[in-house]
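Descriptive structure summary
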Amino acid sequence: MKIFVDSANLSEISDVYSLGIVDGVTTNPTLIARSGKDPKTAIKEICDLVKGDVSAEVFSENFDEMISEGKALYSIAENIVLKLPLTEDGLKACKYFSNKGLKTNITLCFSAAQALLAAKAGAYYISPFIGRLDDIGQDGIKLIEEIKIIYSNYPNLKTQILAASIRNIDHVLESAILGADAATMPPSMIKELYKHALTDKGLEIFRKDIASTGHSI
Ligand code: G3P
């Protein structure tokens, strides 16, 4: 499963990217706003650092403007994946760019029916929002399961499932168990994934035991 950092903060991205296990970055207008930078500058700096896919989202909700914003975003770097909302205009724009062989990420997906249409529009990634569904009392992980079944039923649909709006480690694990192709999460969540109290405790025991011998390597 690919692991993406959900952030537009360059120092945060750089910190987790140095681990060597991060496959790319996803951003959205909220994260770009939080970066405090000009959008194209923020995206360019991320693309200069990260080799893998970098999702950059349009701000417009209108087809013609999505096309022009999309062209501007794709021109920033070769690893740009254009993020488009799951709306009528977003689907049309997805089809427009996927017909040209360009990578798209359809975002704000909250139903399997939406995911089916995104795949029909040639989306490279579909981003189901797990946490925001849980927030309204629905089952976000169930959506991943449904999309996985539908896409598996039709092998001609090549869209990859990118689990998004991840709130906890269980979201990551359950997405992986269900076979999601990718998951995007805040940098702090990536760090939580490798931490375990027994790892720390085990190290402490090893440290004390070897110190008592006076040996070194
Ligand atoms: O970038 C898309 C998604 O991961 C947003 O997550 O936490 O704002 O629901 P969140």
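The following paragraphs examine the structure supplied in this document.

What follows covers a nonpolar patch on the surface. Together, Leu19, Ile21 and Tyr194 line one region of the surface with nonpolar side chains, adding up to about 290 Å² of accessible area. Assignment of secondary structure puts Ile21 in the loop between α1 (10–17) and β2 (24–26). Judged by its relative accessible area of 44%, Ile21 is partly exposed.

Let us now look at the site of the ligand. The full set of residues close to the ligand is Asp6, Asn28, Lys83, Phe129, Arg132, Ala164, Ser165, Arg167 and Thr184. Within the side chain of Asn28, one N or O atom sits 3.0 Å away from an oxygen atom of the ligand. Arg132 has a polar side-chain atom sitting 2.7 Å from an oxygen atom of the ligand. Protein chains bury 82% of the 310 Å² of accessible surface belonging to the ligand in isolation. For the shell around the ligand, the per-class residue count stands at 2 nonpolar, 3 polar and 4 charged.

Across all of its chains, the model carries 6 aromatic pairs by this definition. With 4.8 Å between their ring centres and 85° between their planes, Tyr124 and Tyr125 make a pair best called edge-to-face. In this structure Tyr124 comes out as partly exposed when scored by relative accessible area, which is 27%. Ring-pair connections join several aromatic residues into one group, and the members of that group are Phe63, Tyr74, Tyr96 and Phe97. Across the ring face of Phe63, the terminal group of Lys92 is positioned such that the distance to the ring centre comes to 5.2 Å.

Rules of the game
- Residues numbered from 1 in each chain as written.
- Predicted model: local features only at pLDDT ≥ 70, side-chain atom pairs only at ≥ 80, totals over all residues.
- Heavy atoms only, no water.
- Patch = residues over 30% accessible without salt bridge, like charges linked within 9 Å, V, L, I, M, F, W, Y side chains within 5 Å.
- Areas by Shrake-Rupley, 256 points an atom, 1.4 Å probe, with all protein chains shown as cover.
- Salt bridge = Lys/Arg side-chain N within 4 Å of Asp/Glu carboxyl O.
- Helix = DSSP H or I, 4+ residues; strand = E, 2+ residues; numbered from the N terminus.
- Buried < 20%, exposed > 50% of the residue type's maximum accessible area, 1.4 Å probe, protein only.
- Near = heavy atom within 4 Å.
- Polar contact = N/O pair within 3.5 Å; in protein donor to acceptor, adjacent residues only side chain to side chain.
- Nonpolar A, V, L, I, M, F, W, Y, C, P; charged D, E, K, R; others polar.
- Phe/Tyr/Trp six-rings, centres within 6.5 Å; stacked < 30°, edge-to-face > 60°.
- Lys NZ or Arg CZ within 6 Å of the ring centre and 35° of its normal.

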